[in-house]
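What follows is each chain in one-letter form.
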Amino acid sequence: MAAIVITGGSRGIGAATARLAARRGHRVCVGYRSDDDAAAAVVAEITGAGGEAFAVRADTSTTAGVETLFTAAGERLGRLDGLVNNAGVVAPKARVDQLDEDRINHLLRTNVTGPLLCARQAVLRMSTAYGGSGGVIVNVSSAAARIGGPGEYVDYAASKGAVDTLTAGLAAEVVGEGIRVNGVRPGLIDTDIHEPGRLERVVPSVPMKRAGRAEEVAEAILWLLSDASSYVTGATLDVSGGR
Ligand code: NAP
């Protein structure tokens, strides 16, 4: 049994990960930004099934929010064993020549600054160099990091490219301190993150000819969190139906 913080654990891939982690016996801190009802529903489902979970409302794109999240997690969980860096946002379909600074910075703060700040807190708590017992970090990237998001959101794709680099660099940095760092690159997954009509529009370009389910990504994340992947670090696994 492990104690795990899941950012963006209230909806979509994060919620599926929280449910599966709890079913596997882990204690789960569900981070979220603003949707109290969704977070409460995930926690109620887990605790109703006999699992252990609690929610913390905190904006992970800010230092203050990340400190709130990890302080609350520490008070409830005690020791930390894992972090799933999952909270992320997209933005409406646009070409690069239509972007503006506010949109770009919002994406980068949420999708890059947030995961870096959360990774920092996790390393401070889990690294044997700081007296911790080791642990695991799983970063949620996107197939967009490989594809580039042309005509849709190159800024989002670039933010996920940064997440892949975070995985590679941090894994090498803390490999001697008991921490494994890996990532997943989901492809087209059926969650509320998409603009209306996007799933239907993009499905034909997926070799498996269907969108993935959040639960299918959660399975990969749980494998990377588990000892079954004990010799895996610095890797990013595509969960994308061949896309
Ligand atoms: P989602 O259904 O829109 O859920 C996003 C979650 O992140 C929510 O729990 C949300 O909380 C939280 N969140 C967003 N901004 C936050 C912030 N600043 N601070 C704290 N929490 C924040 O998204 P999803 O589809 O599950 O995506 C999860 C991750 O997978 C993201 O990193 C996304 O880029 C990545 N991904 C998704 C797909 C896909 O097709 N769905 C594909 C590739 C990668 P609130 O609801 O409270 O705002």
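Residues numbered from 1 in each chain as written. Predicted model: local features only at pLDDT ≥ 70, side-chain atom pairs only at ≥ 80, totals over all residues. Heavy atoms only, no water.

Chemist: How would you explain the nonpolar core if you had to name every residue and give the values?
Modeler: Counting 31 residues, the largest nonpolar core has Ala18, Val28, Val84, Val184, Val217, Ile221 and Leu225 as the members making the most contacts within it. For this core, the secondary-structure elements that each account for two or more residues are strand 1 (3-6), helix 1 (12-23), strand 2 (27-32), helix 2 (36-48), strand 5 (135-140) and helix 8 (214-225). At eight residues, helix 8 tops the list of elements feeding residues into this core. Beyond its immediate sequence surroundings of up to four residues, Leu225 is in contact with Ile4, Val84, Val136, Val138 and Arg180. (Core = buried A, V, L, I, M, F, W, Y, C linked by side-chain atoms within 4.5 Å. Buried < 20%, exposed > 50% of the residue type's maximum accessible area, 1.4 Å probe, protein only. Helix = DSSP H or I, 4+ residues; strand = E, 2+ residues; numbered from the N terminus. Contact = heavy atoms within 4.5 Å.)

Chemist: Help me get a handle on the pairing of strand 2, residues and values and all.
Modeler: Among the six residues of strand 2, six are classified as buried, and the element is accordingly described as predominantly covered. Taking every second residue as pointing to the same face, both faces of strand 2 are buried, with Arg27, Cys29 and Gly31 on one and Val28, Val30 and Tyr32 on the other. In the sheet, strand 1 pairs with strand 2 via four bridges, with the strands oriented parallel. When the bridges of strand 2 are listed, Val5 appears paired with Cys29. Note that the unit made of strand 1, helix 1 and strand 2 has a crossover that is right-handed. Bridging between strand 2 and strand 3 (residues 52-57) involves six bridges; their strand directions are parallel. In the strand pairing of strand 3, Arg27 is matched with Glu52. (Pairing = 2+ DSSP bridges. Right-handed = clockwise from strand over helix to strand, strands pointing away.)

Chemist: Go over helix 2, please, and point to the residues and values.
Modeler: Over its 13 residues, helix 2 extends 18 Å from the first C-alpha to the last, a length consistent with the 18 Å expected when each residue adds 1.5 Å. Those residues of helix 2 that sit buried are Ala38, Ala39, Val42, Val43 and Ile46. For helix 2, the angular spread of buried residues about the axis comes to 130°, placing them on one side. In this structure, helix 2 carries Asp37 and Gly48 as exposed residues pointing more than 90 degrees from its buried face. In this fold, the buried residues of helix 2 make contact with helix 1, strand 2 and strand 3. The first or second residue beyond helix 2 is Gly50, which carries a positive phi of 95°. (Expected span 1.5 Å × (residues − 1). Arc of directions from axis to C-beta.)

Chemist: Could you give an account of the site of the ligand, with specific residues and numbers?
Modeler: Looking at the ligand, there are 29 residues lining it, with Ser10, Arg11, Ser34, Tyr156 and Thr191 nearest. Interatomic distance of 2.6 Å between a side-chain N/O atom of Arg11 and an oxygen atom of the ligand. Interatomic distance of 2.9 Å between a backbone N/O atom of Thr60 and a nitrogen atom of the ligand. Protein burial of the ligand: of its 910 Å² of free accessible surface, 97% is covered by the chains. When residues of the shell around the ligand are traced back to their parent elements, those giving at least two are helix 1 and helix 6 (154-174). (Near = heavy atom within 4 Å. Polar contact = N/O pair within 3.5 Å; in protein donor to acceptor, adjacent residues only side chain to side chain. Areas by Shrake-Rupley, 256 points an atom, 1.4 Å probe, with all protein chains shown as cover.)

Chemist: Hey, could you go over the packing of helix 1 against helix 8 for me, with residue numbers and the actual values?
Modeler: Direction vectors running N to C along helix 1 and helix 8 enclose 55°, while the axes themselves pass 8 Å from each other. Relative to helix 8, the element helix 1 lies oblique. Considering only the axes of helix 1 and helix 8, their crossing is right-handed. The segment helix 1 lies against helix 8, with Gly12, Ile13, Ala16, Thr17, Arg19, Leu20 and Ala21 engaging Ala214, Glu215, Val217, Ala218, Glu219, Ile221 and Leu222. Of the residues in the contact of helix 1 with helix 8, the class split is nine nonpolar, two polar and three charged. (Axes fitted to C-alpha atoms, helices over the stretch in contact; angles between N-to-C directions. Parallel < 35°, antiparallel > 145°, perpendicular 65-115°, else oblique. Left-handed = near helix turned anticlockwise from the far one by under 90°. Nonpolar A, V, L, I, M, F, W, Y, C, P; charged D, E, K, R; others polar.)

Chemist: With reference to specific residues and values, describe the side chain of His26.
Modeler: Looking at the secondary structure, you find His26 in the loop between helix 1 and strand 2. A distance of 3.1 Å separates a polar atom in the side chain of His26 from the backbone nitrogen of Ala2.

Chemist: Mind laying out the sheet that holds strand 6 (residues 179-186), listing which residues take part and the relevant values?
Modeler: The strand order across the open sheet formed by seven strands is 3-2-1-4-5-6-7, and the pairing between neighbours is parallel. With partners counted over all chains shown, the strands left at the sheet margins are strand 3 and strand 7 (236-239), one partner each. Averaged over all pairs of adjacent strands, the angle between strand axes in this sheet comes to 15°, irrespective of strand direction. Of the strands in this sheet, strand 1, strand 2, strand 4 (82-85) and strand 6 touch helix 1, which is tilted by about 165° from strand 2.

Chemist: I'd like a rundown of the environment of Val96, residues and numbers included.
Modeler: Along the polypeptide, Val96 turns up in the loop between strand 4 and helix 4 (101-126). For Val96, a relative accessible area of 51% puts it in the exposed group. In sequence terms Val96 and Glu152 are 56 residues apart; their C-alpha atoms lie 8.7 Å from each other.

Chemist: I'd like a rundown of the state of the cysteines, residues and numbers included.
Modeler: Using the criterion set out here, one finds zero disulfides in the structure. Between Cys29, a cysteine without a disulfide, and Cys118, which holds the nearest cysteine sulfur, the sulfur-to-sulfur distance is 10 Å. (Disulfide = S-S within 2.5 Å.)

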